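# What the coordinates show
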Amino acid sequence: MIVHIRELSTQRNQWLDKNDFKNGVALCQSIPGATAIQAAAYVGQKVRGVSGALAAYLGFGLPAFIFMLFLAVLYAKFSSLPKFISLFNGLQVIVVAIIFNATYSFGRNIANNYKNILVALLSAVSFWFGISPFMVIIGACILGMTILKIPASSAVTDSEPKKTKWNAGQIIGLLVTFFSVLPASIS
Amino acid sequence: MVKIDLFAFGGGFASLPLMLHEIVINRGWLDSKTFMDGIALGQITPGPIVITATFVGYLVYGLLGALVATIAIFAPSFFMVITIAPFFDRLKNSIYFMKAIDGIFASFVGLLLYVCIKFTMGIPWDIVRILLGLATLAALLSKVDILYIVPIGAVISVFVL
């Protein structure tokens, strides 16, 4: 997905250069949220500011939303048909395999020293005993700051800060709209 | 949903343990089996896995629910990008920030491990399912594109399960 966005925005359209894009992806990976759609928003912001970001975000999210809505409607209608049940019996197995694979590839890159493995195991055990994963993450954040050593490569400074438009007014406006339109979703 | 997105560091799969916790364990909106069906659908759709929120929203509260859930799960990460992007260069060079991120990533490996175990226990394993699971895993490990795996697996399941 990310590769696709890169091709579209750095080669076909020349919206921004490759280094900028790489920087953006690094940002999207280290802040919460789905990485690909955030990368799209990042490109949008670089090109056209906040409104560009919003357009890119909607453009990226809308097809997935409509497709998923369609599938959900089908699911609600037909979920008791025998063929449908056997389909989902199989899909569940596939999903488990996909998650196993994700855990493995995630783990291989991250849990590569004993402190990281310790944090990972502690997290699994505390989640097992019913501690909210939100608390686990906050705990891991604090633990990370105190015990982990930083990998040498990421501490190197390579790019000088560039000026990006930061339209506080627009952002606050959007935030206010968001929280006034969706009070129900917060609780 | 807002809460899930706010904590889903590192992309889609990071949100799985959080969704499981909030939607299934904490609020009981869906049972574990239906939630897994939703994740499966989230894998088929050409978007991030958190689009499962749309599915959850629809089943719980119809069209309005789907809309609210989707906006709620996507909005925070949008604001995150546009507010943090200008400062990222400085943040990237902060040792404490990188350490915290490292700790969070490590904890996700653990949380995902738990999701694996929980889902695995939820499946009534028989020989066909075990074979299908192993075949899928093998295909994934040899880097076959997920976009092929899911439909092919789906067709197989209709006929053998």
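Residues numbered from 1 in each chain as written. Chains lettered and ligands numbered in written order. Predicted model: local features only at pLDDT ≥ 70, side-chain atom pairs only at ≥ 80, totals over all residues.

### Points about the overall build of chain A
We count it as follows: By definition, any uninterrupted DSSP run of H or I lasting at least four residues is a helix, any uninterrupted run of E lasting at least two residues is a strand, and each is numbered from the N terminus. Neighbour counting defines burial: a residue surrounded by 20 or more other C-beta atoms within 10 Å of its own C-beta is buried, one with 12 or fewer is exposed, and intermediate counts give partly exposed, using backbone-placed C-beta atoms.
A tally of helices and strands in chain A yields 8 helices and 0 strands. When the elements of chain A are put in sequence order from the N terminus, they spell out α-α-α-α-α-α-α-α. The buried share of chain A, reckoned over its 187 residues, is 39%.

### Some remarks on the overall build of chain B
Using the following cut-off: It is the C-beta atoms, placed from the backbone, that decide contacts: two residues are in contact if theirs lie within 7 Å.
When helices and strands are counted, chain B shows 8 helices and 0 strands. Along its sequence from the N terminus, chain B presents helices and strands in the succession α-α-α-α-α-α-α-α. The principal-axis extents of the C-alpha atoms in chain B amount to approximately 55 × 40 × 25 Å. Counting all 161 residues of chain B, 54% fall into the buried class. Counting only contacts in chain B whose residues sit at least 6 apart along the sequence, the fraction spanning at least 24 positions is 49%.

### Points about the confidence of the model for chain B
Residues and elements named next belong to chain B. Heads up, the rule is: Looking at any residue, its pLDDT shows the predictor's confidence there, from 0 to 100.
With 91% of its residues at a pLDDT of 70 or more, chain B shows a mean pLDDT of 80. When the elements of chain B are averaged for pLDDT, helix α1 (residues 2–7) gives the smallest value, 55, and helix α7 (residues 127–141) the largest, 87. As a predicted assembly, this complex carries a pTM of 0.76 together with an ipTM value of 0.80.

### Re the packing of helix α4 (residues 82–110) of chain A against helix α3 (residues 32–44) of chain B
To keep it simple, the criterion reads: Axis definition: a line fit to C-alpha positions, over the contact stretch in the case of helices; interaxial angles, taken between N-to-C directions, run 0 to 180 degrees. Here is the rule for angles: anything less than 35 degrees is roughly parallel, anything more than 145 is roughly antiparallel, 65 through 115 is roughly perpendicular, and the remaining ranges are oblique. Following the grouping adopted for this structure description, the nonpolar residues are Ala, Val, Leu, Ile, Met, Phe, Trp, Tyr, Cys and Pro, the charged ones are Asp, Glu, Lys and Arg, and the polar ones are all others, Gly among them.
Their axes nearest at 9 Å, the elements α4 of chain A and α3 of chain B cross at an angle of 75 degrees. Classified by the angle their axes make, α4 of chain A and α3 of chain B are roughly perpendicular. Note on element contacts: α3 of chain B touches α4 of chain A through Met 36, Asp 37, Ile 39, Ala 40 and Gln 43 of chain B, opposite Phe 88, Leu 91, Gln 92, Ile 94, Val 95 and Ile 98 of chain A. By residue class, the composition of the contact of α4 of chain A with α3 of chain B is 8 nonpolar, 2 polar and 1 charged.

### Quick notes on the interface of chain B and chain A
Of the residues lining the interface, 94 residues belong to chain B; the matching set on chain A comes to 88 residues. If one sorts the elements of the side of chain B that touches chain A by residue count, helix α6 (residues 95–122) of chain B sits on top with 23 residues. Looking at the side of chain B that touches chain A residue by residue, the classes come out as 66 nonpolar, 20 polar and 8 charged.

### Some points on the nonpolar core
To keep it simple, the criterion reads: Residues enter a nonpolar core if they are buried, belong to Ala, Val, Leu, Ile, Met, Phe, Trp, Tyr or Cys, and are joined to the set through C-beta atoms within 7 Å. A domain assignment, automatic or from a database, supplies the domain bounds used here.
Ranked by internal contacts, the top residues of the largest apolar core, which has 96 residues, are Ala 40, Ala 41 and Ile 99 of chain A together with Leu 112 of chain B. Three or more residues apiece are contributed to this core by two domains, here domain 1 (2–123) and domain 2 (124–161) of chain B.

### A word on the confidence of the model for chain A
Residue and element names in this part refer to chain A. Averaged over every residue, the pLDDT of chain A is 77; the share at 70 or more is 79%. Confidence scores differ between elements of chain A, with helix α8 (residues 183–186) showing the lowest mean pLDDT of 45 and helix α3 (residues 35–78) the highest of 86. In the predicted structure, residues 152–163 sits below a pLDDT of 50 and forms 8 contacts with residues beyond four places in sequence or in another chain.

### Some details on the packing of α4 of chain A against α6 of chain B
Put simply, the rule is: Crossings are sorted by hand: turned counterclockwise from the far helix by less than a right angle, the near helix makes the crossing left-handed, and turned clockwise it makes it right-handed.
Put simply, α4 of chain A and α6 of chain B touch, their axes get as near as 9 Å, and they point 155 degrees apart. By the angle between their directions, the pair α4 of chain A and α6 of chain B is classed as roughly antiparallel. Of the two possible hands of crossing, α4 of chain A and α6 of chain B adopt the one that is left-handed. Judged by residue contacts, Val 96, Ile 99, Phe 100, Ala 102, Thr 103, Phe 106, Gly 107 and Ile 110 of chain A of α4 of chain A engage Phe 105, Ala 106, Phe 108, Val 109, Leu 112, Leu 113, Val 115, Cys 116, Phe 119 and Thr 120 of chain B from α6 of chain B. In terms of residue class, the contact of α4 of chain A with α6 of chain B is made up of 15 nonpolar, 3 polar and no charged.

### Quick notes on helix α8 (residues 146–160) of chain B
Convention followed: Multiply 1.5 Å by the residue count of a helix minus one, and that product is the helix's expected span. In this context, the arc is that of the directions from the helix axis out to the C-beta atoms.
Over its 15 residues, α8 of chain B runs 21 Å from end to end, which matches the ideal 21 Å to within 8%, given 1.5 Å per residue. Looking only at α8 of chain B, the buried set comprises Val 150, Gly 153 and Ser 157 of chain B. All buried residues of α8 of chain B lie within an arc of 70 degrees about the axis, which places them on one face of the element. In α8 of chain B, those exposed residues whose orientation departs by more than 90 degrees from the buried face are Leu 147, Tyr 148, Pro 151, Val 155 and Phe 159 of chain B. Considering only its buried residues, α8 of chain B is in contact with α4 of chain A together with α3 and α7 of chain B.

### What about the environment of Gly 144 of chain A?
As for its position among the elements, Gly 144 of chain A is in helix α6 (residues 133–147). Remark: the alpha-carbon pair of Gly 144 of chain A and Gln 14 of chain A, spanning 130 residues in sequence, is separated by 38 Å. Look past the residues within four positions of Gly 144 of chain A in its chain and what remains in contact with it is Val 119 of chain A together with Lys 99, Ala 100, Asp 102, Gly 103 and Ile 104 of chain B.

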